[in-house]
Every structure is written in structure tokens, then in C-alpha cells.
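# Remarks on the overall topology
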Protein chains: 2
Amino acid sequence: MTETITPVASKDAKFPTSHQAPDSDVFELPKPLQPPTTSGRRRTAAEESRAIVAQRTVATLATLSDDGTPWASMVVYGSLPDGSPVISVSTLSEHGRNLHSDYRASLSIIADEGPAGDPLDRGRLTLAGTFIEPTDKQLLKVAEQAYIEKVPAGRIFTGFDDFTTYLLKIDRIRWVGGYGRMETVALADFQAAEVDPVVHNAPGAVRHLNEDHSDALLLMAQNLAGYTDATAAKCQRIDRYGLDMQINTPRGIGYSRVAFPHPAKHSGDLRSASVELVGLARES
Amino acid sequence: MTETITPVASKDAKFPTSHQAPDSDVFELPKPLQPPTTSGRRRTAAEESRAIVAQRTVATLATLSDDGTPWASMVVYGSLPDGSPVISVSTLSEHGRNLHSDYRASLSIIADEGPAGDPLDRGRLTLAGTFIEPTDKQLLKVAEQAYIEKVPAGRIFTGFDDFTTYLLKIDRIRWVGGYGRMETVALADFQAAEVDPVVHNAPGAVRHLNEDHSDALLLMAQNLAGYTDATAAKCQRIDRYGLDMQINTPRGIGYSRVAFPHPAKHSGDLRSASVELVGLARES
């Protein structure tokens, strides 16, 4: 029996509903030899999406140019407490002029998961919708403050007459977590989801685990994830609930999730949660 | 006399042609107190653009969704020797289905300039045009090889029937180098420009200079850039021709360029070029 990567269904009948591989063996991954002993909750697609918005400052904006073609360009953003992105752009820039003519747009944000591995296995998000210019003075002030919190230089240029502060009214949310993990997220779920408190600490924690604690990771793979024949293990990403691992075995490379006995509640909790997990791996 | 950030002209009469700041003092930066002794060539906008394409693997694609709205999503790409990007996408993904219906698209790529500073001061690029499916078998093979060179997993999935390999026929190129540096690049210049040989070494060199050689940077600022009252200096970015510096003075923060006496010709030349520059700063 082999673990398979979940195929993604397309709703459009004219397109295939799963990868059209000439040889289905490419999806076969080694399974654990023993049942995993710590599996547990992982972030929902809505939580993943909110974590990406909260973590990053840089996004790519897609707008429509005068001739109707799509224009991709870098922007920086802030976000309201419900996750709605705020940008401030000048009509000196093409994207600023585009938005001035047509509010329809989307934002793509790529997660920072620590040391760069395969970029196709990284979390990313598209938020599509319509930008609005807040007319309510209170809302405008809140939006500008949310922007300046992430973009300190905005304190100066949001006051320029050529800049407009926009708030994205989200219509559609598409999250991709890497190979085989992707979901369309309902706006209400996105808005209600809690932001992972460790989102800013995660990239450093992944680097630290891989650089200084490869022995502990190997123990987790062997004793908790059930890959008793593991020869090496790497942490791919970490979040409040646990960590994703890539595990080398003589049978090939496997992937597993190891959950913290006590999820992190505060930004500084990753260390103690990881130590507890290592303790569990040593006892097993 | 004060240095001013170059305003960017908009061609569209309905928009302002320069930043509409309530107080023009915000653009005033301290000038050097002595004439700089090493100024020199810097990369052209075409060279900057080619450097960004060569350096990175991750881009954001803007396509048109079924309802005509712009869709931003992460992709990975390779590039032909003339800088034309190659992507390979599945019709299981929204961007793959979008391109299947409408080839018009653009790609946004953000430079890696080392440790993250102000993202608005970072190099980035938009390449807009039309994706084509190479019908010529030789061209398709070259395109697929260029893609796989940057995206090893492409060796597997470019063979799937749901994936299409596309080549971007570029119509428009817009480069932004940071605050006050931006240009539209002619396609012929882009195609003819040489790729900076140090582009992959640059982020590490910036980190190394700032972490381990702040004394040498300060000497460069004082003795070469002419900021004799500099109290600290940071390398913002580095390329084959020299480095950009951010310089603290009691008069405020200034920016300067220091050129290498001998530009780097090979990927490993940054070290010797920097050592030569430090020697020059010590002698001055």
C-alpha cells in the first residue's frame, strides 16, 4: 500500500480532474512502518490563509491595464483585523493608474517558511476582489493605520495627493499549501480564523531545528512518525500545532506531520512545544 | 543644495507627473561633504532586468479569469538565453485554465538583494506579453530544458498531459530598482543585455559585508563616497560594478554608490573586487 498525493478536482468538464501522469508510480511515497503516535490538528485552509496575510508585507498585485491585459506588480500591504488587505499606491505607477480605472484586482502572497526549499511546496494565497476607497473617515483612518503598521514609510507618502489608500473587498480566496494541499476558502471562514501566534517565529525555528537539531528530528521521524527506518529528517515548516517533516528512508523520501502535545498559544511558545516533542520522541 | 529623489513622469495628462507632497522637504537627503572619488558605471535598466530574471525562480503570474478579472498566482519559471521566461502549468490550476482561454499575461519578479530591508527599495520587474505554446519541436525542447534547469521537479510533471509549457513573448518591460529608480526597458535592449555574473553571489555578499565588515563600509562612506561625517554605513545591494550604500550622518541618512576599480567578470570576483575597494578606502 502506498500513500498518494491527493489529486485536485477541476470543476470544468473540459479539463482533466486529476494529474494525467503517464506512470502513476510517480505519486507513490513510502509509508510509515509503524503507526504514527502523534498525529493531530493542523491549521485549516482559513487559518493557513490568515497566517500568510499576517506574516508577510510584500505581495504581488494583478490589475487590468488600459488595453485589458493583466498587469502583475509588487506592492506592500497592511491588513485589518479581519484579514482584509490595505494598499496605498500612486497614480505615478501603472498599477495605481490601473486601479484608478478599474477596481477589480487580486493579490498573491507567498509564505516565508524558512530556508528556501522547493518553491512549489510552499504556502501561497490569492485574494481576489474589488478595491474600494474608504469614504468613511473612521474606516480610512483605521485602514491607513493598518498599512503604516507594516509599512512605516507609508506615514509619509499616504499623505501625498498622488497616493490613494485602498481596501480589498474580497470575493474569492484560493490557498495552496504545497504539493497536494490546496483549497478554496470561504470569506466568512477567512475572516473568523485566528492568526497563528507563531507565524513570525516559524521561519527562524525551521532554520534552527534543521541546523542544530537534526538528531532530534531523526528521533521524531523514527519514534513518533513511525518511519523506523529513517536515516535523516528535515523540518519543512512549523506552526502552532506541530511540524511537517521530510524523511529520508532506504525506500525513498516520505512526508509526515508531527503534532505538539500542547499547541503554541503565544509567539514565544515554539521552543517549549518543540522541547516537549523531543522529550516524547526520546521516551518512545 | 540637496539631493532630490528623481520624480517619475506619467504620460497620462489626467495624472500628476511628480509626487504631490505637501512638504517638499521629505525628498531632501544629505549630500556628500567632499566630492566622491569612485563613481562609475552602474547596471543599465536592461542589465538590472536580466539580472532579476536570471537570479530568481519564483514569479507571480497575472492572468485573466473567466469573468475578465485579473488573477495573481505564484509560478516558477526558467528562461531562454535571451531572457524569455518559460513556465509549465496544469489545467488543474486556475492560472493554467486561464492561460488555456487567454494567452495574455504578465510576470512579476522580485529581486533577492540580501537581508530584507525596506521592500519598496528593492528591485523588481514586470514582463508583460503573450504566452505561446511552442509548436516547433526543437524550440519546445529548448524551452523545457530551460525550465527544468531551474525547476528540477519539472522533469516529471512537464510530461503530464495536463501540463502545458509556455514561452512568454514579451511586449512590455517595466523595471523598478527601488525609490526613484525605474524605467521602461526596450525588448531589444533586454534581449541583448549581459546577465551579471555575480547575481547569485550578491545576497550573501551583502549579508557578509554588513555582518562582518561594517568598519570597511564606514571607511568607504567617509573616504570614497565623500560623506566625511558618516557615523555608520550599510551595503544595500551589490552588483558586478560596485555597491549601493546607506550612510548615517548627523545630517540624516544619505545614499551613495561606490564603484569597483575593476568590475567583476566571473561569479567569484566579488570578494577580490571588494578587497580592492577597501584598500582604496584605506589609502584615501
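Preceding this paragraph is the structure being described.
Parameters and conventions
Residues numbered from 1 in each chain as written. Chains lettered and ligands numbered in written order. Predicted model: local features only at pLDDT ≥ 70, side-chain atom pairs only at ≥ 80, totals over all residues. Heavy atoms only, no water. Helix = DSSP H or I, 4+ residues; strand = E, 2+ residues; numbered from the N terminus. Buried < 20%, exposed > 50% of the residue type's maximum accessible area, 1.4 Å probe, protein only. Contact = heavy atoms within 4.5 Å. Lys, Arg positive; Asp, Glu negative; His and termini not counted. Charge placed at Lys NZ, Arg CZ, Asp CG, Glu CD. Expected span 1.5 Å × (residues − 1). Arc of directions from axis to C-beta. Pairing = 2+ DSSP bridges. Axes fitted to C-alpha atoms, helices over the stretch in contact; angles between N-to-C directions. Salt bridge = Lys/Arg side-chain N within 4 Å of Asp/Glu carboxyl O.

## Side note on the overall build of chain A
- Within chain A, the regular secondary structure consists of eight helices and 11 strands.
- Projected onto its principal axes, the C-alpha coordinates of chain A cover approximately 65 × 50 × 30 Å.
- For chain A, the proportion of its 284 residues judged to be buried stands at 51%.
- A separation threshold of at least 6 residues defines the contact pool for chain A, and within that pool the share at least 24 residues apart is 63%.
- Both charge centroids of chain A, one from 29 positive and one from 36 negative side chains, sit 2 Å from each other.

## Let's talk about helix α8 (residues 270-283) of chain B
Residue and element names in this part refer to chain B.
- Its 14 residues place the ends of α8 20 Å apart at the C-alpha level, agreeing with the 20 Å of an ideal helix rising 1.5 Å per residue.
- Residues of α8 that are buried include every one of Leu270, Ala273, Ser274, Leu277, Val278 and Ala281, and no others. Summarising the axial view, the buried residues of α8 lie within an arc of 135°, below the 170-degree limit, and thus occupy one face. Those residues of α8 that are exposed and aimed more than 90 degrees away from the buried face are Arg271, Val275, Arg282 and Glu283.
- Contacts from the buried residues of α8 go to α6 (202-212), α7 (214-223), β9 (232-239), β10 (242-249) and β11 (252-259).

## Comments concerning the sheet that holds β11 of chain B
Residue and element names in this part refer to chain B.
- Pairing is antiparallel across the open sheet formed by three strands, whose spatial order is β9-β10-β11. In this open sheet, the two strands that pair with only one neighbour each are β9 and β11. When the angles between neighbouring strand axes are averaged without regard to direction, this sheet yields 20°.
- Of the pairings in the sheet, the one linking β9 to β10 comprises seven bridges and is antiparallel in character. Note on β10: the bridge partner recorded for Arg237 is Asp244.
- Against the sheet, α6 makes contact with β9 and β10, and its axis sits at roughly 165° relative to β9, the strand it touches most.
- Its contacts with the sheet place α8 against β9, β10 and β11, and it is angled at close to 145° to β9.

## So, the sheet that holds strand β9 (residues 232-239) of chain A
All names here are of chain A.
- On the basis of which strands lie adjacent, the open sheet formed by three strands has the order β9-β10-β11 and antiparallel pairing. Pairing within the sheet leaves two strands with one partner each, and these edge strands are β9 and β11 (252-259). Strand-to-strand twist in this sheet, taken as the mean axis angle between neighbours without regard to direction, amounts to 20°.
- Packed on one face of the sheet, helix α6 (residues 202-212) meets β9 and β10 (242-249) and runs near 165° to β9.
- Along the sheet, helix α7 (residues 214-223) makes contact with β9 and β10, crossing β9 at roughly 90°.

## Topic: the pattern of salt bridges
All names here are of chain A.
- Here the structure, examined in full by the defined rule, presents 28 salt bridges over all chains.
- A salt bridge links Glu113 to Arg237, with the shortest nitrogen-to-oxygen separation between them at 3.3 Å. Of this pair, Glu113 sits in the loop between β5 (104-110) and β6 (124-132) while Arg237 sits in strand β9, and the two are 124 residues apart along the sequence. Arg237 matches Glu113 in its accessibility class, with the two residues each being buried.

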